[in-house]
Amino acid sequence: MVQIPKQSVPPAPAQRPVPTSADVARLAGVSRATVSYVLNNTSAVRISEPTRRRVHEAAEELGYVPHAAARSLRAGHSRMVLMPAPTVPAGPLYSQFFNELQWALGRLDYTVVQYGGVGLEGDEAARVWAELRPVAVLVPGSGLGPQGVSVLKRAGARAVVTLGPERVEGAHALLMDHDRVGHSAGAHLLARGRRRIGVVMPEEGGLEIFSKPRLDGVHRALHGTDATVTELPLAYEEEAAARLAARWRSLGLDAVFAYNDEYAMLLMRALQDAGIGIPQETAVIGADDLMLGRLLRPRLSTVHIELPSGRDLAELVDRAVREPGAAPETHEVLGARVVHRDSS
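Residues numbered from 1 in each chain as written. Predicted model: local features only at pLDDT ≥ 70, side-chain atom pairs only at ≥ 80, totals over all residues. Heavy atoms only, no water.

### What about the overall build of the chain?
So, point 1. Looking only at helices and strands, one finds 14 helices and twelve strands in the chain.
So, point 2. Among the 344 residues that make up the chain, the fraction classed as buried is 46%.
So, point 3. The long-range fraction of contacts in the chain, counting pairs at least 24 apart against all pairs at least 6 apart in sequence, stands at 72%. (Helix = DSSP H or I, 4+ residues; strand = E, 2+ residues; numbered from the N terminus. Buried < 20%, exposed > 50% of the residue type's maximum accessible area, 1.4 Å probe, protein only. Contact = heavy atoms within 4.5 Å.)

### Quick look at the nonpolar core
So, point 1. In this structure, Leu-138, Trp-248, Phe-257, Leu-313 and Val-317 are the most contacted members of the largest nonpolar core, which totals 73 residues.
So, point 2. For this core, the element with the most residues is helix H12 (residues 261-273), which contributes eight residues.
So, point 3. Ignoring anything within four residues of it in the chain, the contact list for Trp-248 reads Leu-232, Leu-253, Val-256, Leu-267, Leu-271, Ile-276 and Thr-282.
So, point 4. Grouped together as the second largest cluster of nonpolar side chains are 16 residues, Val-137, Val-139, Val-149 and Ala-171 included. (Core = buried A, V, L, I, M, F, W, Y, C linked by side-chain atoms within 4.5 Å.)

### A short note on the pattern of salt bridges
Opposite charge on two side chains allows them to pair when their charged atoms are near.
So, point 1. On inspection of all chains with the given rule, the structure shows 14 salt bridges.
So, point 2. When the shortest N-O distance is used, the salt bridge between Arg-319 and Glu-329 registers 3.0 Å. Linking Arg-319 in helix H14 (residues 310-322) with Glu-329 in the loop between H14 and strand E11 (330-332), this pair joins segments that are ten residues apart in sequence.
So, point 3. Judged by relative accessible area, Glu-329 falls into the partly exposed class, the value being 22%. (Salt bridge = Lys/Arg side-chain N within 4 Å of Asp/Glu carboxyl O.)

### Comments concerning the sheet that holds strand E5 (residues 172-175)
So, point 1. If you walk across this open sheet you meet the six strands as E2-E1-E3-E4-E5-E11, and the pairing is parallel. This sheet does not close on itself; its edge strands, each paired only once, are strand E2 (111-115) and E11. Neighbour-to-neighbour, the strand axes of this sheet turn through a mean angle of 15°, independent of strand direction.
So, point 2. Bridging between strand E3 (residues 136-140) and strand E4 (residues 159-164) involves five bridges; their strand directions are parallel. Residue pairing across strands places Val-137 opposite Val-160, the latter belonging to E4. (Pairing = 2+ DSSP bridges. Axes fitted to C-alpha atoms, helices over the stretch in contact; angles between N-to-C directions.)

### Points about the sheet that holds strand E8 (residues 255-257)
So, point 1. The strand order across the open sheet built from four strands is E7-E6-E8-E9, with neighbouring strands paired in parallel fashion. The sheet terminates laterally at strand E7 (228-234) and strand E9 (283-285), the two strands that pair on one side only. For this sheet, the mean angle separating the axes of adjacent strands, direction not counted, is 25°.
So, point 2. The sheet contact formed by strand E6 (residues 196-202) and E7 spans seven bridges and is parallel. Its bridge partner lying in E7, Ile-197 is registered against Val-229.
So, point 3. Lying on the sheet, helix H9 (residues 208-222) is in contact with E6, E7 and E8; it crosses E6 at an angle near 170°.
So, point 4. Contacts from H12 reach E6, E7, E8 and E9, with the element oriented near 160° to E9.

Now the structure itself:
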């Protein structure tokens, strides 16, 4: 065991008083109202550019930042948009989407707070979120019910937006039906003459909200044909992929929809190491259309997933905050199209 040596703790420096808007006003030579107008980006009052510059320079010199709670009291609501941290592994595609969304909300003067509550789900989680008094809540996945929406709204949330397969009463809904992702992959493999199709089902917890609809989509694409579907549970590990590849020929499969590009790359490498020709013996298709798939040899066929733009979702949130009495909107936002490359 490595021990960390004890060190003497130096005395804490005397704490300086927290700067106030009055301090900024004195240093800039303006009124407190002018400081408030400038730092809160109030457009209703015309203030000269030199004055704005003096206020910003004074605030920076003093280390002053506006008090969010006080600003919320004046406005009648906060500018906080709460986003629960994903409880499932978020791939590069979704990470990019959420980054764009946070940037777009920031441009609209909202503060995005990501909340990590391990073990909290559904309406129980909603009660915890409500304690923070957000003006809007964006809920990815499923689990939130009408009661949770009601709790959030009674606590002051003007907009509750869900991103998932079903709408929830009282909330705006962005419907993301992953069935069409699986349907696109299944239809593509069928059109390429493949009839014994495996579908990778990730063993990582939480991904079933995506993998189950994708499997259903493959079944729907093959319905009424002589093609068969074989489920392939797979952990995201090299050893697990190697074990599956070692018994591949005994499964008698001639194609696989590997859930997404990351699983497809993992499995394709293992199949090639086991001497299985791609696409000669087995066609492979993923989903998400990641850049790395284009760098593989053979290049990876994939389902390109079209997510809503972060800017459009940010505008929906802003519209709902400004018009809290409007009827909830529902939008189908997930598109899917096959990108055919060498692996299929």
